[in-house]
Amino acid sequence: MALVLVLGATALPAAAQQPQVVRATNAPVWGPAPRLVEEVRIGTMDGADDPRERHGEVWIRLSAGGEVLDWLPIPEEPSTPPSFVLSTASGYDRPFTRQLVTTLSPLGYLVVGHNRTYAFELRRTEEPALRIERPFTPLPVRGPEHAEWEAWAEFFARAGSGDRSYSVPDTKPAFSTLRTDAGGRIWVRRYVEAVHRPRTGPPPASGAPPHEWREQPTWNVFEPTGTFLGTVVLPANAYFYDVVDRDVWATVRGEFDEAYVVRFRIQPGDR
């Protein structure tokens, strides 16, 4: 199973028995504080008590020497419909999958919400859970966009074992991603109307369909108290990493798919 490391979180429940060493196969990406802003996959764990045996996917907190200090289980749904993801410059696009979405706050608790509605919970450890809701009307998946996703569903079905199929709904869920920043604010990437962005360059050798109907990365931002702060819209080719005060740190892809580290400044405006 995939495990995710976190450094600097507090108030996580202590484990009864702890494995001693974690070996990561990928390098993590660290933000200010320091705190982890990117996930890594775990290779092996030394020690008899592996939290994956009892909890499946978990957040892990490490000491500077690499020892596991404690962990926090990530909620999982009993079953989810089969789906697939497309990697883009701004993140991972899914065919509007209804699913449980989680992230970890640097304040030491999980943020959990099912995207069939615009609602999520801050599952605080020393206070009652705080539920945040906003009005939500599902957006339609319009004709050309729906047809493109149907083409991708057929492509992945053909590439698989042949006994799996994928469906594309007629409406979009409330959000695709939950993130937190260095100050504990919650960032919700909500679904918006897609824009047609014609593909440049030759088609891929794999014969994959185009992915030309794309959404502008649109994030609603909330204080840890639940107060709605506003909406931040990033460029279509920007991947959100972290936010410190009003500075958004991201990578932006250039003309030749080269990556630049960019700092955007949030300017207050209408909500």
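Look above for the structure.
Our subject in this report is the structure included herewith. This structure is a prediction, so every number in the text was calculated from the model and none was measured.

## Focus: the sheet that holds strand β21 (residues 247-253)
Strand order in the open sheet formed by three strands is β20-β21-β22, with antiparallel pairing between adjacent strands. Across the chains shown, the open sheet's two edge strands, defined by having one partner strand only, are β20 (238-244) and β22 (259-265). Averaged over all pairs of adjacent strands, the angle between strand axes in this sheet comes to 25°, irrespective of strand direction. In this sheet, β22 lies alongside β21 in antiparallel orientation, the contact comprising seven bridges. The partner of A250 across the bridge, within β22, is V262.

## Topic: the environment of P138
Position of P138 relative to the elements: it lies in the loop between β13 (130-133) and α2 (143-159). Judged by its relative accessible area of 39%, P138 falls in the partly exposed class. Distance from P138 to R116, taken between C-alpha atoms, is 8.9 Å for residues 22 residues apart in sequence. Not counting the four nearest positions on each side in its chain, P138 is found in contact with T171 and K172.

## Remarks on unusual backbone geometry
The backbone of F96 shows a phi angle near 60°, a positive value even though the residue is not glycine. If you trace the backbone, F96 turns up in the loop between β9 (91-93) and β10 (100-104). For D245, which is not a glycine, the phi torsion comes out positive at approximately 55°. Topologically, D245 is positioned in the loop between β20 and β21. Judged by relative accessible area, D245 falls into the exposed class, the value being 59%.

## Thoughts on the nonpolar core
Membership of the largest hydrophobic core comes to 15 residues, with the highest contact counts inside it found for V111, F120, L122, L178, I186, V188 and F222. Those residues within four positions of I186 in sequence are excluded, and the remaining contacts are V111, F120, L122, R179, T180, N220, V221, F222, E223 and P224. Residues F84, V141, W149 and Y191 belong to the second largest nonpolar core, which totals 12 residues.

Calculation notes
- Residues numbered from 1 in each chain as written.
- Predicted model: local features only at pLDDT ≥ 70, side-chain atom pairs only at ≥ 80, totals over all residues.
- Heavy atoms only, no water.
- Pairing = 2+ DSSP bridges.
- Helix = DSSP H or I, 4+ residues; strand = E, 2+ residues; numbered from the N terminus.
- Axes fitted to C-alpha atoms, helices over the stretch in contact; angles between N-to-C directions.
- Buried < 20%, exposed > 50% of the residue type's maximum accessible area, 1.4 Å probe, protein only.
- Contact = heavy atoms within 4.5 Å.
- Core = buried A, V, L, I, M, F, W, Y, C linked by side-chain atoms within 4.5 Å.

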